[in-house]
Amino acid sequence: MFADTLKSMPTDWAPWFDVCHFLLAALAVRKEVGLSFSRSNPLATWLATMTASFAGSMVANPLLGKPIFGAISSEYNLGLATLVFWAVFYSPGDIVYTLVKNPALYVPICVVKEIYRAKKTLGGINDAKKVYPEHELIQIVVGVIKGNGSAFIKPFTRLVAGQWSPNKSEILKFSVTSKGCLVAAILLVLDASGYLIPPVTGDMLYLGIVTTFIMTKLSGVLAEQIDPYAPLDIVVRAATGGLWDGEVNEHSD
Amino acid sequence: MFADTLKSMPTDWAPWFDVCHFLLAALAVRKEVGLSFSRSNPLATWLATMTASFAGSMVANPLLGKPIFGAISSEYNLGLATLVFWAVFYSPGDIVYTLVKNPALYVPICVVKEIYRAKKTLGGINDAKKVYPEHELIQIVVGVIKGNGSAFIKPFTRLVAGQWSPNKSEILKFSVTSKGCLVAAILLVLDASGYLIPPVTGDMLYLGIVTTFIMTKLSGVLAEQIDPYAPLDIVVRAATGGLWDGEVNEHSD
Amino acid sequence: MFADTLKSMPTDWAPWFDVCHFLLAALAVRKEVGLSFSRSNPLATWLATMTASFAGSMVANPLLGKPIFGAISSEYNLGLATLVFWAVFYSPGDIVYTLVKNPALYVPICVVKEIYRAKKTLGGINDAKKVYPEHELIQIVVGVIKGNGSAFIKPFTRLVAGQWSPNKSEILKFSVTSKGCLVAAILLVLDASGYLIPPVTGDMLYLGIVTTFIMTKLSGVLAEQIDPYAPLDIVVRAATGGLWDGEVNEHSD
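Residues numbered from 1 in each chain as written. Chains lettered and ligands numbered in written order. Predicted model: local features only at pLDDT ≥ 70, side-chain atom pairs only at ≥ 80, totals over all residues. Heavy atoms only, no water.

*Asks:* Please set out the packing of helix α8 (residues 103-131) of chain C against helix α12 (residues 176-192) of chain C residue by residue, giving values where relevant.
*Replies:* All names here are of chain C. Where α8 meets α12, the closest approach of the two axes is 10 Å, and the angle between their N-to-C directions is 50°. Overall, the two elements α8 and α12 adopt an arrangement that is oblique. With respect to the hand of their crossing, α8 and α12 are arranged in right-handed fashion. Counted together, Arg117, Thr121, Leu122, Ile125 and Lys129 of α8 and Thr177, Cys181, Ala185, Leu188, Val189 and Ala192 of α12 form the full contact between these two elements. (Axes fitted to C-alpha atoms, helices over the stretch in contact; angles between N-to-C directions. Helix = DSSP H or I, 4+ residues; strand = E, 2+ residues; numbered from the N terminus. Parallel < 35°, antiparallel > 145°, perpendicular 65-115°, else oblique. Left-handed = near helix turned anticlockwise from the far one by under 90°. Contact = heavy atoms within 4.5 Å.)

*Asks:* Tell me about the packing of helix α12 (residues 176-192) of chain A against helix α13 (residues 202-222) of chain A, and name the residues and values.
*Replies:* All names here are of chain A. Two elements in contact, α12 and α13, have axes whose closest approach is 11 Å; the angle formed by their N-to-C orientations is 180°. Classified by the interaxial angle, the pair formed by α12 and α13 is roughly antiparallel. Across the interface between the two elements, Val176, Gly180, Cys181, Ala184, Leu187, Leu188 and Asp191 of α12 pack against Gly202, Leu205, Tyr206, Ile209, Phe213 and Thr216 of α13. Residue composition of the contact of α12 with α13, grouped by class: 9 nonpolar, 3 polar and 1 charged. (Nonpolar A, V, L, I, M, F, W, Y, C, P; charged D, E, K, R; others polar.)

*Asks:* Give a detailed account of the interface of chain A and chain C, specifying residues and quantitative values.
*Replies:* Listed as interface residues are 34 residues of chain A and, on the opposing side, 29 residues of chain C. Of the roughly 2,600 Å² buried where chain A meets chain C, counting both sides, 65% is carbon and sulfur surface. Interface area lost by chain A to chain C is led by A:Arg39, A:Phe69 and A:Glu75, which between them contribute 25%. Counting across the chain A and chain C interface gives 0 salt bridges. If you list the elements that add at least two residues to the side of chain A that touches chain C, you get α3 (35-40), α4 (42-53), α6 (75-90), α7 (95-101) and α11 (154-160) of chain A. With 5 residues, the top contributor of residues to the side of chain A that touches chain C is α4(A). When its residues are assigned to classes, the side of chain A that touches chain C shows 20 nonpolar, 9 polar and 5 charged. (Buried area = accessible area lost by both parts, 1.4 Å probe. Salt bridge = Lys/Arg side-chain N within 4 Å of Asp/Glu carboxyl O.)

*Asks:* So, helix α12 (residues 176-192) of chain B: which residues are in play, and what are the values?
*Replies:* All names here are of chain B. Taking 1.5 Å of rise per residue, 17 residues should cover 24 Å, and α12 covers 24 Å from first to last C-alpha, within 8% of that figure. Of the surrounding secondary structure, the elements contacted by the buried residues of α12 are α8 (103-131), α9 (136-147), α10 (149-152), α13 (202-222) and α14 (230-239). Once α12 ends, the next one or two residues include Gly194, with phi positive near 75°. (Expected span 1.5 Å × (residues − 1).)

*Asks:* Outline unusual backbone geometry, supporting the account with residue identities and numerical values.
*Replies:* Residue and element names in this part refer to chain A. Phi is positive for Asp94, which is not a glycine, with a value near 55°. Tracing the chain through its elements places Asp94 in the loop between α6 and α7. By relative accessible area, which is 0% here, Asp94 ends up buried. (Buried < 20%, exposed > 50% of the residue type's maximum accessible area, 1.4 Å probe, protein only.)

*Asks:* Describe the interface of chain B and chain A, listing the residues and the values that go with them.
*Replies:* Frequently, the measure chosen for interface size is the accessible area that the parts lose on association. Tallying the contact residues gives 34 residues for chain B and 29 residues for chain A. In total, about 2,600 Å² of surface goes out of reach between chain B and chain A, with carbon and sulfur atoms giving 65% of it. For chain B, the biggest contributors to the area lost against chain A are B:Arg39, B:Phe69 and B:Glu75; these three give 25% of the whole. Here chain B and chain A share 0 salt bridges between them. At the boundary of chain B with chain A, the tally comes to 8 residue pairs in polar contact (both at pLDDT 80 or more). (Polar contact = N/O pair within 3.5 Å; in protein donor to acceptor, adjacent residues only side chain to side chain.)

*Asks:* Can you explain the relation of the copies chain A and chain C? Please cite residues and give values.
*Replies:* Once chain A is rotated about the relating axis by 120° and shifted along it by 0.0 Å, it coincides with chain C to within an RMSD of 0.0 Å. Taken together, the rotation and translation describe the operation of a three-fold axis. When the interface residues of chain A are mapped onto chain C, a mere 3% of them again lie at the interface, so each copy presents a different face. (Least-squares fit on C-alpha atoms with pLDDT ≥ 70 in both.)

*Asks:* Could you give an account of the relation of the copies chain B and chain A, with specific residues and numbers?
*Replies:* Two chain copies, one operation linking them: a rotation about an axis together with a shift along it. In screw terms, the move from chain B to chain A is a rotation of 120° and a rise of 0.0 Å along the axis, fitting with an RMSD of 0.0 Å. With a heterologous cut-off of 20% or less, the 3% of interface residues of chain B that recur at the interface of chain A puts this contact in the heterologous class.

*Asks:* Explain the environment of A:Ser57 residue by residue, including any values.
*Replies:* Residue and element names in this part refer to chain A. Along the chain, Ser57 falls in helix α5 (residues 55-63). Residues Ser57 and Gly149, 92 residues apart in the sequence, show an inter-C-alpha distance of 7.6 Å. Sequence-distant contacts of Ser57, that is, excluding residues within four places in its chain, are made with Pro62, Ala71 and Lys146.

*Asks:* Account for the pattern of salt bridges, with residues named and values stated.
*Replies:* Residues and elements named next belong to chain A. This model, assessed by the stated rule, comprises 22 salt bridges over all chains. Asp94 is the salt-bridge partner of Arg30, the closest N and O atoms lying 2.7 Å from each other. Here Arg30, found in helix α2 (residues 10-33), pairs with Asp94, found in the loop between α6 and α7; they are 64 residues apart in sequence, far enough to count as distant. With a relative accessible area of 0%, Arg30 lands in the buried category. Between Lys179 and Asp233 there is a salt bridge, and its shortest N-O distance comes to 2.9 Å. Taken as a pair, Lys179 in helix α12 and Asp233 in helix α14 (residues 230-239) lie far apart in primary sequence, 54 residues in all. Judged by relative accessible area, Lys179 falls into the buried class, the value being 11%.

Pasting the structure below:
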């Protein structure tokens, strides 16, 4: 099955999947802190990039009672992330940065990252299941955190670089990527509990998730960002007062 | 014994105790973030309310080496807290909020909450005793944290809602409620170590704690807040320089 | 061996080593928050001093999956730290503060503290080794954190006292002390792995570390701070763009 291939995918090409993940983490940090900061503060830049690179587990581990350093338990991965960090920030002539930002490389990197994201969401659900087998909501939350970890750790990443912006966080402005991880995590947990409606199989679901992740991401890279989860926003808005807002506004405190 | 009834109380009416606790947590968050924020940011409002609802264990668990998510290990309680959150913030016509703020309902809710607070303080002491059986001070601290958790987690609750006020925290301005939990925790730990002065029994102590909690709270709700712990402040102030402050002020740095 | 004596040193005089450590932690907090704050907020001052006094383990424990309160697992030590806190902030006539700031006492205290620092760095490495035996980088990081814990916890210490300065942190401006701990931790881990160049023995290394720590510290206390790690800065600056900075600056984003 193609879905099985996707699920087991990193096994053979694991380092390449991680390289793509680390590249995008380093690019995001570079955009955040700026190049001149990286020159004057290499240590803080490195630490910020590492928190972005290992974000998912760093956030999820204390929630599940595991050591935070468990996120970087492999020295090989830490070395790889450091190498990528160095290349993105300090390569002579900025050659690596220039290459990676070229669409011919950037688009495939994003595709690999989105395949990996689906895998990480599923991995988060399974990690949480080991600690809280009966608690589907915790499984979903950990799935979302692992799927889009660098977004959730961003306030801390910024703080390491001496920036503090409490009113900019993923929780205050849920990105399309996080919404995708949320919908995917809900469906994956439903599937694991056998609640999937018959014609849909687990494999079809996984393929659908990966496809949606890739399409959503590429739309943002190549054209205008599409938001396939907009109907969800409408439902949430309706349920949280949108339906009867007229009467309520008077009580505003 | 009446004290035994109070100590074992939530067992039978557990959901109602929790409902009262969740109601007051949601009311506090609503006062903090405002109604209009709850409309534009339902996710952040929900998360802020959940941190307030499960505050005690969320703060105490990492201190005791337990998973933070252990605080919400029951899916039933999480669902109940979410239902209460929805009702307080989004009920049509704001009916639930209006009802709960009515003294005929608000006063009994506060009474139940204060009975529960005594139970939670004792529970925190016993939780800490399992991990640090010989460490009375840790037991007292965990008792206070569990007794008045939502106050101690407030900086984080505010942060989730995009507000950041480092100079407003329970540690900088210890509330009457926290002082009550502190005195209660000290007395409960003394009792457990057999240091209570003879005519006072453990049951009398527990009844006294519950009564003091309720009276202190109701004085604040119905009239002017009384502070039965004011003598304590005077002792602390005397011990921390008040007695010889004249000589010291010159060295001020 | 003299080095063995140094390594095992605190065993006999443990309380005195801890008193010196607590004294310097309390002095640092007093410098940070000011005397008038300590009068109006004894609780916050105490908590800030305790975080500084037990900083190393408080930061390292959650990273290694241990309870944060594990840092103060001995009630005796907590009592000792509290006594020192009281003496430094509130002694009548400010006598303790005046005495401790006198060079005849301050210099020996600093010497003891630096001997202790080497021991703590080594202890951190060994603590990390128990959890991550194969992960040298984590061992080094925990060694640095334990060696200079109060510096790394400083943002939190300030926060407890109601101050928040995200752009002042040890990570943004690595002090000479932290650099010393970093070099020491790297050398100690290399030694443990048997990578030390033959004429140098483990004992020589440890003696050298203690001597360098003391000399660096005393230079700062008695005259101008020397920075024996300046060559390291040059290497880092060269590796992070210094060598080819001319070409890179144009790409600045």
